Amino acid sequence: MSANRSVLITGAGRGLGEALQSAFAADGWTNLPLVRKAEQSVRLKERWGGACVPIVADLSSDGAIATIEKALGENVQGLDVLINNAGLGGKASRLADVTSGEILELFGVHCLGAFRATQAAAPWLRNPDRAFVINVSSRLGSLARNASGEFAGSNVSVFAVHPGKVQTASGSSDADVPPAVAAARILRWLDAAERDGSARFVEPGVGELPW
Ligand SMILES: NC(=O)c1ccc[n+]([C@@H]2O[C@H](COP(=O)([O-])OP(=O)(O)OC[C@H]3O[C@@H](n4cnc5c(N)ncnc54)[C@H](OP(=O)(O)O)[C@@H]3O)[C@@H](O)[C@H]2O)c1
């Protein structure tokens, strides 16, 4: 039993999100399930009563931010846990079959939706002991795996490269690497990269970065 602890779970109208919502509600948490449909909100409220404060919002639009802020402002002093769970199943899996429209749609929920919920909830994550943002991901979201994806075992190597803090128009104010130096480092690194595996995130001339 976790009296007075609160959790906001997105995509809580069905699937894993609903199971998470039930688990936290049964454990006594104040729970704010974010759902898209009013009937899901009514059903959850009827089942779980006063400690359940459903939020009806669509995370694929910025309007969700104000809706979440309002619900938090009216119902809790603080938030202990945010679980970004809402998501869509991808339709295609092979590179040749995926469309940019589908990527945009997935990005709009999995990335921007999580961003919107986190931006709205951040001011409430004030538990001085510990607060959590838990992003439900997937083995398919493993950056290291996807850096190779279906190129794994082929002649194509895939790397992510941080060029350094480069002194260009989009560089930061403390950028310290001239573009020509960054370019030369990448060129030099490529020689070694040809013998150096795949699916890694590197800063040429410096070393490997954690994913
Ligand atoms: N199932 C798996 O094996 C598996 C494996 C790895 C990762 N995951 C991840 O686990 C999470 C939950 O998956 P699941 O299997 O429970 O999926 P699911 O049963 O399809 O449920 C997805 C949930 O996300 C909600 N959602 C989708 N788009 C939304 C939007 N724009 N705004 C607000 N809510 C939205 C859905 O709401 P509606 O009811 O309104 O559609 C639904 O509640 C996802 O992030 C998924 O990628 C699942």
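Residues numbered from 1 in each chain as written. Predicted model: local features only at pLDDT ≥ 70, side-chain atom pairs only at ≥ 80, totals over all residues.

1. Some words on the sheet that holds strand β4 (residues 81–84)
Part 1 of the argument: In space, the five strands of this open sheet follow the order β3-β2-β1-β4-β5, with parallel pairing throughout. Whereas interior strands pair on both sides, the edge strands pair on one side only; in this sheet they are β3 (55–56) and β5 (132–135).
Part 2 of the argument: Bridging between strand β1 (residues 6–10) and β4 involves three bridges; their strand directions are parallel. Its bridge partner lying in β4, I9 is registered against I83.
Part 3 of the argument: Where helix α1 (residues 15–26) meets the sheet, its contacts fall on β1, β2 (30–35) and β4, and the angle it forms with β1 comes to roughly 170 degrees.
Part 4 of the argument: Relative to β2, helix α2 (residues 38–48) is tilted by about 160 degrees, and along the sheet it contacts β2 and β3. (Pairing = 2+ DSSP bridges. Helix = DSSP H or I, 4+ residues; strand = E, 2+ residues; numbered from the N terminus. Contact = placed C-beta atoms within 7 Å. Axes fitted to C-alpha atoms, helices over the stretch in contact; angles between N-to-C directions.)

2. Regarding the pairing of strand β7 (residues 200–203)
Regular strands show a simple pattern: their side chains alternate between the two faces of the sheet.
Part 1 of the argument: Of the pairings in the sheet, the one linking strand β6 (residues 159–161) to β7 comprises three bridges and is parallel in character. The partner of V161 across the bridge, within β7, is V202.
Part 2 of the argument: Bridge count for β7 against strand β8 (residues 207–208) is two bridges, and the pairing is antiparallel. Within the sheet, the bridge partner assigned to V202 lies in β8 and is E208.
Part 3 of the argument: Connecting β7 to the antiparallel partner β8 that follows it, the hairpin turn spans three residues, and G205 within it adopts a positive phi of roughly 85 degrees.

3. Digging into the sheet that holds β7
Two strands in a sheet stick together by hydrogen bonds in their backbones, pointing the same way (parallel) or opposite ways (antiparallel).
Part 1 of the argument: One open sheet holds the three strands; their spatial order is β6-β7-β8, and the pairing between them is mixed. Every other strand in the sheet has two partners, leaving β6 and β8 as the edge strands with one partner each.

4. What about the site of the ligand?
Part 1 of the argument: As a structural note, the neighbourhood of the ligand is formed by 20 residues, with G11, G15, L16, R36 and G87 the closest of them.
Part 2 of the argument: Looking at the shell around the ligand, the elements that each hand over two or more residues are α1 and α4 (100–121).
Part 3 of the argument: The biggest single contributor to the shell around the ligand is α1, with three residues.
Part 4 of the argument: Of the residues contributing to the shell around the ligand, the split by class is six nonpolar, 10 polar and four charged. (Near = placed C-beta within 6 Å. Nonpolar A, V, L, I, M, F, W, Y, C, P; charged D, E, K, R; others polar.)

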